[in-house]
Amino acid sequence: MKSHFLGVLRRVHNQSFSEQIYRDTKRWLRYGKIKTGYSGTRVQRRVPINISHPSYATTGVPPMPREEIPLYDESDLKGIKESSEFARYILDFATELVVPGMKTDSLDHLVHEEIIRLGGYPSPLNYMGFPKSICTSVNNVVCHGIPDNRELESTDMINVDVTVYYNGYHGDTSRTVALPEVDDAGHRLIATAETALHAGVSVCGPGVPLSAIGNAVQDVVDLAGFTICKSFLGHGIGDDFHTMPDVLPFRNSDHTLMQEGMVFTIEPAVNEGVETMQILDDQWTAVTTDGLRSAQFEHTIAITSSGYEVLTEGSKHPEVPAT
């Protein structure tokens, strides 16, 4: 999930939760409602009490975001890597289930059950009221798509965004996949988004400004003739789902230097047409304003003494907890 709500989080504490989120989100994004949106069940999936829950699991209100960028030690990084590899395993599990006729709500159910079977908590569940365990963003949905009862079609492309909370840490990753009859233009959009992510990752290292990530991403996207949705950013992650730094996936002048111990996501959303988007009246789903498609890939990255490590590159799940 993306960090466009970080500014909102700083204002929701001690205020009416759902109304304030919606009001502040609309103001921050400068978009109103349109008529279509989520159609499906709002019944919240359950997580056994013996599984570690993040602080917002019951209330829906995340902790106040840190003002400083956290620097994690070796013990923290080990935990974040475990949760990140768990998330990657779940992403692989999920995308293998993507076939024509699959309902995204059914996909969410299967993923939810696999996460809790292995002792994890699906981080999106009840984060600021989000009703499901993963995000499924189809075709013109940029991100934060809520799984619903629509069946996937053979011409669809879908981004599956997975975050897992395990042993006190979050790991976050996403991928866009094409169903069997997606056209060549769709495949090129997906390939560009993946290449742009890798370009952003490749420039990471201690002493490098964060702006280098967005600049590298922008170069790839510009060359391909697509645009980057500037409303959504990468974010710090670790013991909190979203924290500092903001990681802009487009050309910018952020002079903040990467340091050993930083952990953050890189997650450019690449649009087929214009860069702008709208939030639907479900208060979550972001769609392109021109109705054209969007594609996205995401990794969780740790800055090391000599460069970087892609924490979501490896796929590994924990042992099934003893019953």
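Scroll up for the structure.
Reading guide: rules and limits
- Residues numbered from 1 in each chain as written.
- Predicted model: local features only at pLDDT ≥ 70, side-chain atom pairs only at ≥ 80, totals over all residues.
- Heavy atoms only, no water.
- Helix = DSSP H or I, 4+ residues; strand = E, 2+ residues; numbered from the N terminus.
- Buried < 20%, exposed > 50% of the residue type's maximum accessible area, 1.4 Å probe, protein only.
- Contact = heavy atoms within 4.5 Å.
- Areas by Shrake-Rupley, 256 points an atom, 1.4 Å probe, with all protein chains shown as cover.
- Salt bridge = Lys/Arg side-chain N within 4 Å of Asp/Glu carboxyl O.
- Phe/Tyr/Trp six-rings, centres within 6.5 Å; stacked < 30°, edge-to-face > 60°.
- Axes fitted to C-alpha atoms, helices over the stretch in contact; angles between N-to-C directions.
- Parallel < 35°, antiparallel > 145°, perpendicular 65-115°, else oblique.
- Left-handed = near helix turned anticlockwise from the far one by under 90°.
- Nonpolar A, V, L, I, M, F, W, Y, C, P; charged D, E, K, R; others polar.

## Quick word on the overall build of the protein chain
So, point 1. When helices and strands are tallied, the protein chain shows six helices and 15 strands.
So, point 2. In the protein chain, buried positions account for 58% of the 323 residues.
So, point 3. A separation of at least 24 residues holds for 75% of the contacts in the protein chain among residues at least 6 apart in sequence.
So, point 4. As presented, the protein chain carries roughly 13,000 Å² of accessible surface, and 49% of it is formed by carbon and sulfur atoms.

## Thoughts on the pattern of salt bridges
So, point 1. One pass over the structure, following the stated rule, counts 15 salt bridges.
So, point 2. Here R66 makes a salt bridge to D239, at a shortest N to O gap of 2.9 Å. In this pair, R66 sits in the loop between α2 (17–29) and α3 (74–96) while D239 sits in the loop between β7 (234–236) and β8 (243–247), placing the two residues 173 residues apart along the sequence.
So, point 3. Given the relative accessible area of 27%, R66 is considered partly exposed.
So, point 4. On the accessibility criterion, D239 (31% relative accessible area) is partly exposed.
So, point 5. Notably, a salt bridge pairs E82 with K78, separated by 2.9 Å at the nearest N-O pair. One end of the pair, E82, and the other, K78, are both in helix α3, four residues apart, so they sit about a helical turn from each other.
So, point 6. Given the relative accessible area of 54%, K78 is considered exposed.
So, point 7. Each of the salt bridges in this network shares a partner with another, and the network as a whole consists of R45, D105, D108 and K132.

## Some points on the packing of aromatic side chains
So, point 1. Across all of its chains, the model carries five aromatic pairs by this definition.
So, point 2. Pairing Y56 with Y127 gives two aromatic rings, centres 5.0 Å apart and planes at 85°, and the pair type is edge-to-face. In this pair, Y56 is assigned in the loop between α2 and α3 and Y127 in the loop between β1 (121–122) and β2 (135–138), connecting sequence segments 71 residues apart.
So, point 3. Residue class for Y127 comes out buried when judged on its relative accessible area of 3%.

## Examining the packing of helix α5 (residues 184–202) against helix α6 (residues 211–224)
So, point 1. Between α5 and α6, the least distance of the axes is 8 Å, while the angle of their chain directions is 155°. The orientation of α5 with respect to α6, classified from their angle, is roughly antiparallel. Note on packing geometry: the crossing formed by α5 with α6 is right-handed. Along the contact surface, α5 presents R188, T192, T195, A196, A199 and G200, while α6 presents I213, A216, V217, V220, V221 and A224.
So, point 2. Here the residues of the contact of α5 with α6 sort into eight nonpolar, three polar and one charged.

## Regarding the environment of E74
So, point 1. With respect to the element layout, E74 can be found in helix α3.
So, point 2. The class of E74 is exposed, set by a relative accessible area of 70%.
So, point 3. C-alpha separation for the pair E74 and G261, spaced 187 residues apart in sequence, amounts to 8.2 Å.

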